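# Coordinates in review
Letter by letter, the chains look like this.
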Amino acid sequence: MSQSVNRAVAVVGVGAVLPDAPDAPTFWRNVRNGRYSISDVPAGRWDPSLYFDTDPKAPDKLYSKIGGWVTDWQWDPLAWRLPIPPKVSDSMDRTHIWSVVAAREALLDYGYPDKQLDGDRTAVVLGNAMGGDRHYETALRIYTPEYTRELAGAPSFSALDSAVRAAILDELKGRLGDVFPEITEDTMPGELANITAGRIANLFDFHGPNFVTDAACASALAGMDAAIEGLEQGDYDAVLTGGVDANMSASTFVKFCKIGALSATGTRPYGEGADGFVMGEGTAVFLLKRLEDAEQSGDHIYAVIRGLAGSSDGRGKGITAPNPVGQKFAVKRAWENAGSKPDSASFMEGHGTSTRVGDVVEVESLSEVFSSLGMAKGSLPLGSVKSNIGHLKAAAGAAGMLKTVMALNDKVLPPSLNAERTNPNIDFENSPLFVNTELQEWKASAGQVRQAGVSAFGFGGTNFHVVLEEYIPGRIRTNDSKVSYSLVGPDTEDRSLVDTKNPLRGALVVGGSSSDDVAAKLRQIGQDAHAGRAPAVEPPAQADLRAEVRVAIDFGDADDLVSKIDRALAALDGDNDAAWQLLANQGVFRGSGSTGQLAFLYTGQGSQYVNMLDTLRHSEPIVAATFAEADAVM
């Protein structure tokens, strides 16, 4: 079977600005080490004493003031030769600044500008839902006449001397002007969410499409879905994508507190005592290329995106209540797009918000999907990066992606925090899932590829799920916008992906339960060949490759095949080992029992000739990548 090339997309560069992490390597080190990056609102953001009240029902007040805050990042555009004047920089929202920083890191990680990247064929697609905090601040300044009008109309104020009233109004305007940003020609471009992507394209002179997607807490994966579609359609050859969120204003805290969504005590996805989510902020950006392009360029590939899908909850309990129906649709569709069943997963990065209802619904949905495929209880590790840095809202999926991409690259399972004692409302005892709370090696059995799922579910009933797998050079073949694969496994025909690229010439494999069974099949094929109908040049069937008795014949055309089948039938009839040894030199082979491992065999000294491996280099990406690495070293 085959699927379109959009499900073989390589992650070739990463960048991030996240709580306690000014860059992607620091973030990954924090996650591996189980760092908890939740704290009170930092000085300089807003004064919690103005808004805080322990009573959740107090009007216009917040009961939670903790979050995953970004307090450290490098920003020096002039030193980086980015054309951003200081006045423009001063008017930029943190969403813009962090996105540029993370995009630059992802490009540098890829090797740009020393490594070629066609700017005319590079796009920028980011997820963002509410912009940042700056547009709230500028709006407060603009609304100054509203405040002064209401003050002027207050009876107690009107009773004051006119000179005093005028002085108070002037002082109020002055103080508000000092606190809130000045409105200039740079204000609107500096705070609009859609210009976040445009600013990156502008600074790095990229001419592919740039835009922002809004799918609430699933915005980053929604953007990635659109980004991959553009790669698939050939609209561009590389894309910077991910998510950014810097919306941590007091007003956002108050509004979430009014629906009881926030925790005042901490983030503990899937853990005992989960009482709401903790907001976080930051960005994670990925540079993506089609897999065949990345392999041809010899790029470092962190992981491969194999499938991504979305869904809507449809009619449910309410517009903000999670619906298991929609979540299951997203998960199933993503794995179908990947060409795998979900039981191929060996890690699940969940949405895991730490809310009372959300975690229960999510695990129940995942358990239903995986249990229906016969996965053993307690066999699938589950985690949530929100246990480290909180819920990044629009950027939540990007943070989960970054964690999982790095885990696949390093082949380790990072710990999920604060779930040593799991949520008693979640039936983990009868679920295939268990919360992984320790750093451990990501083990894989022989022939198994490490695959993982990442979920992001958004306010309003929008769900996305992405399937990732470790990069194994040469495992996935691409040809004319198609990726070919077969699904095989020790107990089932659909357990793991094995390359089935078409052979260079006829490669007939006939299998059966006995020599007589194989001989009967060969006679039928021989009759067709006598009539000039040779089998198609295509990969052998897995059933034949795994049969108890097998005959393999290398052939060029129908006449060649007829001659070799006749000799194979004679050798089968005589059961002569010596005959089979002679036939092996002619491209006719017999096998029985279990199959062995496959490897390239290179001849010894004395037989080399110029360009002898050129054909192999063009047909085998692992060879091309090895040559590219050798060239770089030399």
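Residues numbered from 1 in each chain as written. Predicted model: local features only at pLDDT ≥ 70, side-chain atom pairs only at ≥ 80, totals over all residues. Heavy atoms only, no water.

## Comments concerning the overall build of the chain
Secondary structure summary: the chain contains 22 helices and 23 strands in total. If one aligns the C-alpha atoms of the chain with their principal axes, the spans along those axes are about 120 × 55 × 40 Å. Residues counted as buried form 51% of the 634 residues belonging to the chain. The contacts of the chain with a sequence gap of at least 6 include a subset with a gap of at least 24, amounting to 78%. Carbon together with sulfur atoms contributes 51% to the accessible area of the chain, which is approximately 28,900 Å² in total. (Helix = DSSP H or I, 4+ residues; strand = E, 2+ residues; numbered from the N terminus. Buried < 20%, exposed > 50% of the residue type's maximum accessible area, 1.4 Å probe, protein only. Contact = heavy atoms within 4.5 Å. Areas by Shrake-Rupley, 256 points an atom, 1.4 Å probe, with all protein chains shown as cover.)

## Details of the pattern of salt bridges
One pass over the structure, following the stated rule, counts 26 salt bridges. The partner of Lys 328 in a salt bridge is Glu 368, with the nearest N and O atoms 2.9 Å apart. Residue Lys 328 is found in helix 13 (residues 324–338), and its partner Glu 368 is found in helix 14 (residues 358–371); the two are separated by 40 residues along the sequence. Lys 328 sits in the buried class, given a relative accessible area of 17%. Residues participating in the shared-partner salt-bridge network are Arg 121, Asp 237, Arg 290 and Asp 293. (Salt bridge = Lys/Arg side-chain N within 4 Å of Asp/Glu carboxyl O.)

## So, the nonpolar core
Counting 52 residues, the largest nonpolar core has Phe 286, Leu 288, Ile 305, Met 401 and Leu 402 as its most contacted members. In terms of residues, this core owes the most to one element, helix 16 (residues 396–410), which gives 8 residues. Discounting chain neighbours no more than four positions away, the residues touching Leu 288 are Val 9, Ala 10, Val 11, Met 224, Ile 228, Leu 231, Asp 237, Ala 238, Val 239, Thr 241 and Ile 305. Val 12, Val 70, Val 100 and Ile 301 belong to the second largest nonpolar core, which has 38 residues in total. (Core = buried A, V, L, I, M, F, W, Y, C linked by side-chain atoms within 4.5 Å.)

## Some remarks on the confidence of the model for the chain
Mean pLDDT over the chain works out to 90, with 93% of the residues at or above the 70 mark. Overall, residues 1–6 carries pLDDT values under 50, and its contacts beyond four positions in sequence, including any with other chains, amount to 27 contacts. Per-residue pLDDT stays below 50 along residues 479–499; that stretch engages in 67 contacts with residues further than four places along the chain or on separate chains. (pLDDT = per-residue confidence, 0-100.)

## Section: the sheet that holds strand 22 (residues 549–555)
Spatial strand order, 21-22-23: 3 strands in an open sheet with antiparallel pairing. Among the strands making up the open sheet, the edge pair consists of strand 21 (506–512) and strand 23 (588–592). Sheet twist, expressed as the mean angle between neighbouring strand axes with direction ignored, is 15°. Note: strand 22 against strand 23, 5 bridges, orientation antiparallel. Among the inter-strand pairings, Arg 550 is bridged to a residue of strand 23, identified as Gly 591. Against the sheet, helix 17 (residues 515–530) makes contact with strand 21, strand 22 and strand 23, and its axis sits at roughly 140° relative to strand 21, the strand it touches most. (Pairing = 2+ DSSP bridges. Axes fitted to C-alpha atoms, helices over the stretch in contact; angles between N-to-C directions.)

## Describing the side chain of Thr 144
Looking at the element boundaries, Thr 144 is found in helix 5 (residues 144–152). Relative accessible area serves as the criterion here: at 10%, Thr 144 is assigned to the buried category.

## Focus on the sheet that holds strand 13 (residues 433–435)
Taken in spatial order, the 11 strands line up as 6-5-7-8-2-9-16-15-10-11-13 in an open sheet, and their pairing is mixed. In the strand order of this sheet, the two ends are held by strand 6 (210–213) and strand 13, each with one partner. Put simply, the sheet's adjacent strands are angled 25° from each other on average, direction ignored. Most of the contacts of helix 9 (residues 195–204) go to strand 5 (residues 122–127), to which it runs at about 155°, and overall it touches strand 5, strand 6 and strand 7 (238–245).

## Focus on the packing of helix 10 (residues 219–233) against helix 16
It is at 5 Å that the axes of helix 10 and helix 16 come closest, and there the two elements cross at 75°. Classified by the angle their axes make, helix 10 and helix 16 are roughly perpendicular. Side by side, helix 10 and helix 16 meet where Ala 220, Leu 221 and Met 224 of the first sit next to Gly 397, Ala 398 and Met 401 of the second. When grouped by side-chain class, the residues that make up the contact of helix 10 with helix 16 number 5 nonpolar, 1 polar and no charged. (Parallel < 35°, antiparallel > 145°, perpendicular 65-115°, else oblique. Nonpolar A, V, L, I, M, F, W, Y, C, P; charged D, E, K, R; others polar.)

## So, the environment of Val 549
Structurally, the position occupied by Val 549 is in strand 22. Sequence separation between Val 549 and Val 518 is 31 residues, and the spatial gap between their C-alpha atoms is 7.2 Å. In contact with Val 549, not counting residues within four places along its chain, are Val 510, Gly 511, Gly 512, Ser 513, Ser 514, Ser 515, Val 518, Arg 590, Gly 591 and Ser 592.

## Section: the packing of aromatic side chains
Across all of its chains, the model carries 11 aromatic pairs by this definition. Seen from their ring centres, Trp 46 and Tyr 51 are 5.9 Å apart, and the 85° between their planes marks the pair as edge-to-face. For Trp 46, a relative accessible area of 13% gives the class buried. Tyr 51 sits in the partly exposed class, given a relative accessible area of 29%. Each ring, one from Phe 347 and one from Trp 442, has its centre 5.8 Å from the other, and the planes form 65°; the classification is edge-to-face. Of this pair, Phe 347 sits in strand 10 (residues 347–349) while Trp 442 sits in the loop between strand 14 (440–441) and strand 15 (451–458); the two residues are 95 residues apart in sequence, bridging distant segments of the chain. Accessibility classification places Phe 347 together with Trp 442 in one group, the buried group. An aromatic cluster of at least three residues, connected via ring pairs, comprises Trp 46, Tyr 51, Trp 69 and Phe 253. (Phe/Tyr/Trp six-rings, centres within 6.5 Å; stacked < 30°, edge-to-face > 60°.)

## Observations concerning the side chain of Ser 311
With respect to the helices and strands, Ser 311 occurs in strand 9 (residues 303–312). For Ser 311, a relative accessible area of 8% translates into the label buried. Only 2.4 Å separates the side chain of Ser 311 from the backbone oxygen of Gly 326, close enough to count as a polar contact. In contact with Ser 311, not counting residues within four places along its chain, are Gly 326, Gln 327, Phe 329, Ala 330, Arg 333, Gly 461, Thr 462 and Asn 463. (Polar contact = N/O pair within 3.5 Å; in protein donor to acceptor, adjacent residues only side chain to side chain.)

## Describing the pairing of strand 21
Summarising burial for strand 21: 6 of the 7 residues are buried, a large majority. As defined by bridge partners, strand 21 adjoins strand 22 across 7 bridges and the pair is classed as antiparallel. For Leu 508, the partnering residue across the bridge sits in strand 22 and is Ile 553.

## A few points about unusual backbone geometry
Of note, the amide linkage connecting Tyr 112 to Pro 113 takes the cis form, showing an omega dihedral of 5°. Of note, Asp 20 is a non-glycine position whose phi angle comes to about 60°, a positive value. Among the secondary structure elements, Asp 20 is positioned in the loop between strand 2 (9–17) and helix 1 (24–32). A residue is classified by how much of its surface remains accessible, and Asp 20, at 29% relative accessible area, is partly exposed. A positive phi angle, near 60°, is found at Asp 60, a position not held by glycine.

## Examining the state of the cysteines
Taken as a whole, this structure holds 0 disulfides when the rule is applied. Take Cys 217: it sits in no disulfide, and the sulfur closest to it among the cysteines is that of Cys 257, at 15 Å. (Disulfide = S-S within 2.5 Å.)

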